[in-house]
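# Examining the three-dimensional arrangement
Here are the chains, one letter per residue:
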Amino acid sequence: MTATHPGRGVAGLERAFPIRRDEPMSRHTSFRIGGPAEVFVRVDSRETLRTAAAIAAEASLDVLYVGGGSNLLVSDAGAGGLVVETWTNRDPFEGVDLAPGGDGTVSLWVFSGVPLPRLATMAARRGLSGMEWAAGIPGTVGGGVVNNAGAHGSSMAEAVSAVSVWTPQGDRELRAGELGYGYRTSRFRTGGFDPSTVVLAARLVFRPDEPAAIEGRIAEYTAYRRATQPSQRSVGSIFKNPPGASAGRLLEEAGMKGTRIGDAEISPKHANFIVNRGHARAAEVLELINLTQQRVLAEFGIRLELEIQPVGKGF
Ligand SMILES: Cc1cc2nc3c(=O)[nH]c(=O)nc-3n(C[C@H](O)[C@H](O)[C@H](O)COP(=O)(O)OP(=O)(O)OC[C@H]3O[C@@H](n4cnc5c(N)ncnc54)[C@H](O)[C@@H]3O)c2cc1C
């Protein structure tokens with residue numbers, strides 16, 4: 001992607017969408033951190049996402065796609081170019097025919113901007129099991145597909161059977177086997193696709209079950225999260241678990257819990273979470289990340305790899 005001043009493409013966007021200039025990204029990230037987006041639009045359907053992507057590509061705009069902003073550390077200087085946020089609270093099952101899979105499963109196409117907690121809750125109400133694990137992940141289907149989000153022993157890799165993407169050459173349908181899924185990664189993260197590729201929707205597979213049983217599992221997972229994770233603003237786990245070890249445990253053993261730089265703090269409850277105690281800046285979070293990586297490297301000889309994504313000007 002080439003960084004281009006958005007001026008030229010903005011006229012086309014403005015004809016299609018209400019745009020916002022200098023929109024604080026702190027309003028669109030779960031960390032509540034991030035400087036202004038030069039130009040910001042929100043889309044709430046496959047069609048509007050496709051339109052935004054096409055206008056941006058036509059004008060060679062630098063684009064950042066954001067779902068829940070729950071895995072992003074946006075720099076204090078903000079994001080140049082265009083930010084496209086995908087989000088809708090519409091019920092993904094309403095008016096949709098479920099496709100039977102022949103093995104007792106059913107599947108449906110879900111827009112990338114559907115929040116995972118809403119998807120899990122709506123599926124449970126209809127007696128459809130398969131996304132309970134995602135009920136406490138504050139991201140969207142699109143962000144989950146890109147990151148291979150996962151929890152409680154399950155992940156998107158098992159839930160997704162296909163993904164519909166927009167590319168400058170047109171729409172494509174990719175099978176799950178083509179997505180290069182691994183632990184919190186996919187070909188979207190490793191540069192395996194043209195960088196302007198956008199996830200429009202995912203075909204998700206469910207298995208019928210009793211709503212009460214599904215809701216019971218969601219309640220159990222939610223209780224576990226409440227007991228083990230901080231409630232303050234965060235972006236979830238900062239580091240990936242290194243092979244055979246837990247990043248949180250290493251950080252705890254390195255005595256990092258409660259370490260603060262400004263308003264950024266390593267959570268006293270879970271050492272792999274950095275929390276925003278009020279007005280933390282991205283620079284402070286990054287400083288804390290660097291300090292933590294150095295300490296773990298010095299103590300255990302392990303270089304922790306980021307799970308979160310620093311994005312924006314200056315990063
Ligand atoms: C309290 C908390 C708990 C969490 N727990 C978990 C957990 O248990 N497991 C886990 O895996 N993660 C967890 N996370 C992290 C985060 O929620 C996941 O990584 C989630 O999948 C990110 O989704 P998102 O929609 O917020 O993506 P964003 O953070 O908005 O974006 C993530 C990446 O996806 C790209 N992207 C988003 N939408 C699209 C699209 N439509 N097309 C192309 N690219 C797109 C973005 O450009 C970016 O590269 C947690 C976060 C928080 C705050």
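Quick caveat: nothing in here was measured; it's all calculated off a predicted structure.

Looking now at the domain arrangement of the protein. Parsing the protein into structural domains produces domain 1 (7-86), domain 2 (99-228) and domain 3 (247-311). A separation of 28 Å is found between the C-alpha centroids of domain 2 and domain 3.

Moving on, we come to the nonpolar core. As a rule of thumb, nonpolar side chains are buried together in soluble globular proteins. Counting 86 residues, the largest nonpolar core has Leu 73, Val 83, Leu 119, Ala 120, Ala 134, Ala 202 and Val 285 as the members making the most contacts within it. Per-element tally for this core: the top contributor is strand S13 (residues 198-208), with 8 residues. Excluding residues that lie within four positions of it along the chain, Leu 119 makes contacts with Pro 92, Val 110, Val 114, Met 131, Ala 134 and Val 141.

The environment of the ligand is made up of 31 residues, and the closest members are Gly 67, Gly 139, Gly 142, Gly 143 and Gly 236. For the shell around the ligand, the secondary structure elements donating two or more residues are strand S3 (63-66), helix H4 (141-147), strand S9 (150-151) and S13. Grouping the constituent residues of the shell around the ligand by class yields 12 nonpolar, 18 polar and 1 charged.

Notably, Asp 22 is not glycine yet its phi reads approximately 50°, a positive angle. The residue Asp 22 is located in strand S1 (residues 20-24) in this model. According to the C-beta neighbour criterion, Asp 22 is exposed, with 11 such atoms within 10 Å. The backbone of Ser 60 shows a phi angle near 50°, a positive value even though the residue is not glycine.

Cut-offs used in this document
Residues numbered from 1 in each chain as written. Predicted model: local features only at pLDDT ≥ 70, side-chain atom pairs only at ≥ 80, totals over all residues. Domains from an automatic or database assignment. Core = buried A, V, L, I, M, F, W, Y, C linked by C-beta atoms within 7 Å. Buried ≥ 20, exposed ≤ 12 C-beta atoms within 10 Å, placed from the backbone. Helix = DSSP H or I, 4+ residues; strand = E, 2+ residues; numbered from the N terminus. Contact = placed C-beta atoms within 7 Å. Near = placed C-beta within 6 Å. Nonpolar A, V, L, I, M, F, W, Y, C, P; charged D, E, K, R; others polar.

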